[in-house]
Amino acid sequence: RRRIALWRLDAGLEADPAELLAAAVDARSAGQLVESRRLTQAAHDASASPAAARMLGQVLETLGEYDESIAVLSAARPKTEQDTALVGMAHAEVLFRGVRRTGEAQRLAASLEATLPDGAWRDEVRAQRAKFAAYSGDARVALELSEPLLERDDPRLFCLTASPKLSGPAVR
């Protein structure tokens, strides 16, 4: 799939954005980040879908191209709750981890959480906020954000929030 997508790009032929994105995921999984960037950029140029913007932003971040990543993610126009959450969390991750604008990342995540209705995507954003607090050394806030999520019967949320919960007493 990757090879065919690249051949189509090299030949100047049209390629389905979904196929380009799938090939980009394959390339990223194989550690071929430059190839993944090329395929994702082509998918984004062809469709500007939130999924392509998120993937491009993440690949750019991994390559250390933080300003480009932030620009792509800031310009994304998600239409669904899922896309809003995923693009917003990717944007917050780049701010937090990539350019170390931790306060801005925390505010973005809090604002994102406030815009989402109760449910799984809002919970994931809250888990991200807990992670940011834990990594910033604020165990109290990490625990406050995590504890309601740990009461839910969702193993994903436990995995996303267990680290701040488990390290709570040791971190002050």
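Below you will find a few notes about this structure.

Conventions adopted
- Residues numbered from 1 in each chain as written.
- Predicted model: local features only at pLDDT ≥ 70, side-chain atom pairs only at ≥ 80, totals over all residues.
- Heavy atoms only, no water.
- Helix = DSSP H or I, 4+ residues; strand = E, 2+ residues; numbered from the N terminus.
- Salt bridge = Lys/Arg side-chain N within 4 Å of Asp/Glu carboxyl O.
- Buried < 20%, exposed > 50% of the residue type's maximum accessible area, 1.4 Å probe, protein only.

## As for unusual backbone geometry
For step 1, the next point in the chain: In this structure, Ala48 takes a positive phi of about 50 degrees despite not being glycine.
For step 2, the next point in the chain: Relative to the elements of secondary structure, Ala48 occurs in the loop between helix H3 (33-47) and helix H4 (50-62).
For step 3, the next point in the chain: Of note, the phi angle at Arg100 is positive, near 55 degrees, even though the residue is not glycine.
For step 4, the next point in the chain: With respect to the secondary-structure elements, Arg100 resides in the loop between helix H6 (81-98) and helix H7 (102-115).

## Details of the pattern of salt bridges
For step 1, the next point in the chain: By the definition in use, this model includes 14 salt bridges.
For step 2, the next point in the chain: The salt bridge partner of Glu93 is Arg97, with a shortest N-O separation of 3.1 Å. Of the two residues, Glu93 and Arg97 both sit in helix H6, four residues apart, roughly one turn of that helix.
For step 3, the next point in the chain: Residue classification places Glu93 among the buried residues on the basis of a relative accessible area of 12%.
For step 4, the next point in the chain: A salt bridge links Arg126 to Glu113, with the shortest nitrogen-to-oxygen separation between them at 2.8 Å. Pair noted here: Arg126 is in helix H8 (residues 120-135) and Glu113 is in helix H7, with a separation of 13 residues, a long-range link.
For step 5, the next point in the chain: Because the salt bridges share partners, they merge into one network encompassing Glu61, Glu93, Arg97 and Lys131.

By themselves, these observations are geometric and do not establish any function.
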